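These are the residues of each chain, in order.
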Amino acid sequence: MQLFYNSEIKKSDKTFFFDKEESKHIVKVLRKKEGDKIFITNGLGYLFESEIIMASEKKCEVKITKETFQEPNTFYTHIAVAPTKMNDRLEWFLEKATEIGIHEITPIICDHSERKVYKIDRAEKIIQAAMKQSLHYYIPKINEPVSLSQFIKSNITGQKFIAHCEETDKKSFKNEVKRDEKITILIGPEGDFSTKEINFAIENKFIPVTLGNTRLRTETAALVACHTIALINE
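Computed from a predicted model, the values in this text were never measured in an experiment.

Draft legend 1. The overall build of the chain, seen in detail. Regarding its fold elements, the chain presents seven helices and 13 strands. Taken over the C-alpha atoms alone, the chain extends approximately 65 × 35 × 30 Å along its principal axes. For the chain, with 234 residues in total, the buried portion stands at 46%. Across the chain, every contact between residues at least 6 apart in sequence was considered, and the portion connecting residues at least 24 apart equals 74%. Accessible surface, the chain: about 12,700 Å² in total, of which carbon and sulfur atoms supply 48%. Looking at the chain, you have 36 positive and 35 negative side-chain charges, and the mean spots of the two groups are 2 Å apart.

Put into structure tokens, the structure is as follows:
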């Protein structure tokens, strides 16, 4: 099944028009014609099975023939991660985490961050492509970057963790994660969190954890955390 994504399609729709860019891709590149089936998700749990009724490169129209709804997960994974110096490393994480089933990502700017600015436009496209490729019907949310202190002070519910490399008392992340919970974990930059940041997080009820016995790159640590939560909730 080839899956298309469009946030505009609604449960009440009987027919739907694709925009010019998507229409051209469907008709000219994929060579779809009238009568062919198209599968669409709006990223909110719905899968719409449709049939092309007008194969126009400028305005491809489909008729909705069937809809199904997938219930959301009983758990929620929110990873707040410092943008990496090289964009492609964070983009790799976004792609793989979407495939695994992450729910929310927040880029955080830290004391040791080498990248202080991060634009999410390209990140949104990577997430959309990964969602379609992996046949997910929920699109992960990516937030605008915020400072670590702002994020820590925001209204975060559920279990809260900070993964860092300092040689202090830390718990095993995989042993602390509970099933069917909202999990938020902080992943620092290449230079790790500063001691001040770690202490501030702990003061705000974040549990310090380790992700294993080896030192991991930022994007690897974020992916390990995402995968650990998914495995525990299988």
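Draft legend 2. Helix 6 (residues 195–203), seen in detail. Within the sequence span of helix 6, burial applies to E197, I198 and A201. For helix 6, the arc enclosing every buried residue in end-on projection is 100°, short of the 170-degree limit, so these residues lie on one face. Opposite the buried face of helix 6, by more than 90 degrees, sit the exposed residues K196 and E203. On its buried face, helix 6 sits against helix 4 (148–153), strand 10 (159–163) and strand 12 (182–187). Residue K205 follows helix 6 closely and has a positive phi angle near 75°.

Rules behind the numbers
- Residues numbered from 1 in each chain as written.
- Predicted model: local features only at pLDDT ≥ 70, side-chain atom pairs only at ≥ 80, totals over all residues.
- Heavy atoms only, no water.
- Helix = DSSP H or I, 4+ residues; strand = E, 2+ residues; numbered from the N terminus.
- Buried < 20%, exposed > 50% of the residue type's maximum accessible area, 1.4 Å probe, protein only.
- Contact = heavy atoms within 4.5 Å.
- Areas by Shrake-Rupley, 256 points an atom, 1.4 Å probe, with all protein chains shown as cover.
- Lys, Arg positive; Asp, Glu negative; His and termini not counted.
- Charge placed at Lys NZ, Arg CZ, Asp CG, Glu CD.
- Arc of directions from axis to C-beta.

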